[in-house]
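Here are the chains, one letter per residue:
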Amino acid sequence: MSPAAPLRIAAVADLHMRDAVAGRFRPDFLRLNADVLLLGGDLTEGGGPHETDLLCAEIAGLAMPVVAVLGNHDHDRRLGYRIAAMLTALGVHVLDGDAITLELRGRQVGIAGVMGGSGGFPDYPGTPDEGSVEHRARMRRGPLDALRLRQALDSLECETRIAVMHFAPIIDTLAGEPPKIYPGLGCHDLGAAVDAGGAVLAIHGHAHGGTEFGRTAGGVPVRNVSYPVLGRTYAVYEV
């Protein structure tokens with residue numbers, strides 16, 4: 001295949017690995033014809049050791065590079081560091097405010113990743129100064145992780161840049177969710193970081209009832225790759 005041909009970017013989020021879904025993804029992953037696989041967080045149901053073992057069994061030894069960010073549920077038991085370490089031991093590139101450059105069929109492709117957080121959108125601002133300690137922290141994390149995402153994108157010295165996050169950067173891909181929960185599902189600042197950082201594609205998960213396709217204000221394609229949204233084990237996009 002010519003190096004000038006479009007790259008095939010496979011992506012999925014919200015696997016929520018647990019006994020009930022063990023083995024569901026692996027057969028398709030093993031047959032996957034793509035240049036890279038991106039995992040957009042909530043890879044486990046609740047961040048426990050057994051679920052992490054199931055996750056590792058699902059993605060071990062795949063033929064293409066795998067790049068991942070963690071989601072909020074991967075931190076439910078405060079063992080996100082363990083999940084990241086086990087994935088790293090498998091060769092997965094786990095991103096958290098940083099970036100990696102891969103050579104894919106002769107092209108330099110930069111991938112920057114954060115978990116992201118809540119934070120709201122202009123018409124759905126949410127309540128960052130009210131509610132539980134956890135709620136307030138999550139509302140503040142969105143804007144903070146947006147700054148980290150912008151920095152990670154800016155660190156890349158290649159034209160093809162992809163942003164991976166768990167929380168949504170735009171409201172288009174939240175369509176289908178109750179608007180009252182939009183502020184908790186993502187953050188406008190993440191979308192602004194995608195635009196300012198020169199990304200050509202952004203992927204996220206988290207919004208199980210949302211919509212696959214959207215664009216930032218600057219026109220960058222955004223894809224909600226949550227498994228419940230896709231209805232399939234992965235999606236493939238060309239860049």
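Up top is the structure.
Residues numbered from 1 in each chain as written. Predicted model: local features only at pLDDT ≥ 70, side-chain atom pairs only at ≥ 80, totals over all residues. Heavy atoms only, no water.

Glancing now at the overall build of the chain. A tally of regular secondary structure across the chain gives seven helices and 11 strands. A globule of 239 residues ought to have a C-alpha radius of gyration of about 18 Å, and the chain, at 16 Å, matches this closely. The 239 residues of the chain split such that 53% are buried. Across the chain, every contact between residues at least 6 apart in sequence was considered, and the portion connecting residues at least 24 apart equals 74%. (Helix = DSSP H or I, 4+ residues; strand = E, 2+ residues; numbered from the N terminus. Rg over C-alpha atoms; globule rule 2.2 N^0.38 Å. Buried < 20%, exposed > 50% of the residue type's maximum accessible area, 1.4 Å probe, protein only. Contact = heavy atoms within 4.5 Å.)

This paragraph deals with the packing of helix H4 (residues 133-154) against helix H6 (residues 188-196). One way to put it is that H4 packs onto H6 with a least axis distance of 8 Å and a crossing angle of 10°. It follows that H4 is roughly parallel to H6 by the angle criterion. Every residue of H6 that contacts H4 at Gly142, Pro143, Asp145, Ala146, Leu149, Arg150, Leu153 and Asp154 is listed here: Asp189, Leu190, Ala193, Val194 and Ala196. For the contact of H4 with H6, a count of residues per class yields eight nonpolar, one polar and four charged. (Axes fitted to C-alpha atoms, helices over the stretch in contact; angles between N-to-C directions. Parallel < 35°, antiparallel > 145°, perpendicular 65-115°, else oblique. Nonpolar A, V, L, I, M, F, W, Y, C, P; charged D, E, K, R; others polar.)

Turning next to the sheet that holds strand S3 (residues 66-69). Read from one edge to the other, the open sheet built from five strands follows the order S4-S3-S2-S1-S11, with strand pairing classed as mixed. The open sheet is flanked by strand S4 (93-94) and strand S11 (235-238), the only strands paired with a single partner. Alignment of S3 against S4, held across two bridges, turns out to be parallel. The residue of S4 that forms the bridge with alanine 68 is valine 94. (Pairing = 2+ DSSP bridges.)

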